[in-house]
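# Inside the fold
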Amino acid sequence: MTATPRLLSVNVGPARLLRVGDRTLLSGIRKTPVNGPVQAAPLGLAGDEQADLNIHGGLQKAVYAYPSEHLAFWQEQRRARGVSLFDEALPPGFMGENLLVEGLLESEVWIGDTLHIEGSSCVLRVTAPREPCGKFAAVMGFAEAGRVMVREARCGFYLAVDAPGALQTGAALRVVPGRRGLSVADAVRAKWARHRNI
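Residues numbered from 1 in each chain as written. Predicted model: local features only at pLDDT ≥ 70, side-chain atom pairs only at ≥ 80, totals over all residues. Heavy atoms only, no water.

### What about the overall build of the protein?
- Summing up its helical and strand segments, the protein has 4 helices and 13 strands in all.
- What you see for the protein is a C-alpha radius of gyration of 16 Å, in line with the 16 Å of a compact globule of 198 residues.
- By principal-axis analysis of the C-alpha atoms, the protein measures approximately 45 × 35 × 30 Å.
- Within the span of the protein, comprising 198 residues, buried residues form 46% of the whole.
- Taking contacts inside the protein between residues at least 6 apart in sequence as the whole, the part at least 24 apart equals 76%.
- Only carbon and sulfur atoms are counted for the fraction: they give 54% of the accessible area of the protein, which is about 9300 Å².
- Across the protein, the centroid of the 23 positively charged side chains sits 5 Å from that of the 19 negatively charged ones. (Helix = DSSP H or I, 4+ residues; strand = E, 2+ residues; numbered from the N terminus. Rg over C-alpha atoms; globule rule 2.2 N^0.38 Å. Buried < 20%, exposed > 50% of the residue type's maximum accessible area, 1.4 Å probe, protein only. Contact = heavy atoms within 4.5 Å. Areas by Shrake-Rupley, 256 points an atom, 1.4 Å probe, with all protein chains shown as cover. Lys, Arg positive; Asp, Glu negative; His and termini not counted. Charge placed at Lys NZ, Arg CZ, Asp CG, Glu CD.)

Right, dumping it as structure tokens:
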């Protein structure tokens, strides 16, 4: 964990139609950065939508955070498979994340930890690792993207909003440890171990 974890980008987006194989599905995976403060409430961020509440949404998965440190890895994965036409960096929101964070890796964040936002009353609680679906693979451009995410434990994590408040790009994040029984990385690896076909 870096000396001061930070919020690099706050991203929201409406649910839109997404082509997944031969199907067209409604998805909220496409997020774009917001300038200025964004209000976090128990069911998520103002201006954000989730299409499938079994995957992202509800009180326990209201907000999705992703470590910026992994973006170069995914850029290389896409390049190696010929998916990316240019050698551009992946933009904030590309992973479907509401919060692009720095200094909060899955091995250093534990289920039950809370994130306190500098200059805000907002408190977010880590609840679960992301379990990628077919929509993630469609956005990434290669079928095995979900398996790679879980295997590498580069999954990010879901957050519940324990106390509402504003989120602002650039804000420092203070981690208050919870019970520290299971890290996000261990949680996603445990799920992978139960499903060896991933």
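There's plenty left to go through after this.
### Thoughts on the pattern of salt bridges
- Tallying each qualifying case throughout the model produces 7 salt bridges.
- Notably, a salt bridge pairs aspartate 48 with lysine 31, separated by 2.6 Å at the nearest N-O pair. Remark: lysine 31 occurs in the loop between strand 3 (23-27) and strand 4 (32-33) and aspartate 48 occurs in the loop between strand 6 (44-45) and strand 7 (63-67); sequence separation between them is 17 residues. Lysine 31 carries the same exposure label as aspartate 48, and that label is buried.
- A salt bridge links arginine 79 to glutamate 76; its shortest N-O distance comes to 2.0 Å. (Salt bridge = Lys/Arg side-chain N within 4 Å of Asp/Glu carboxyl O.)

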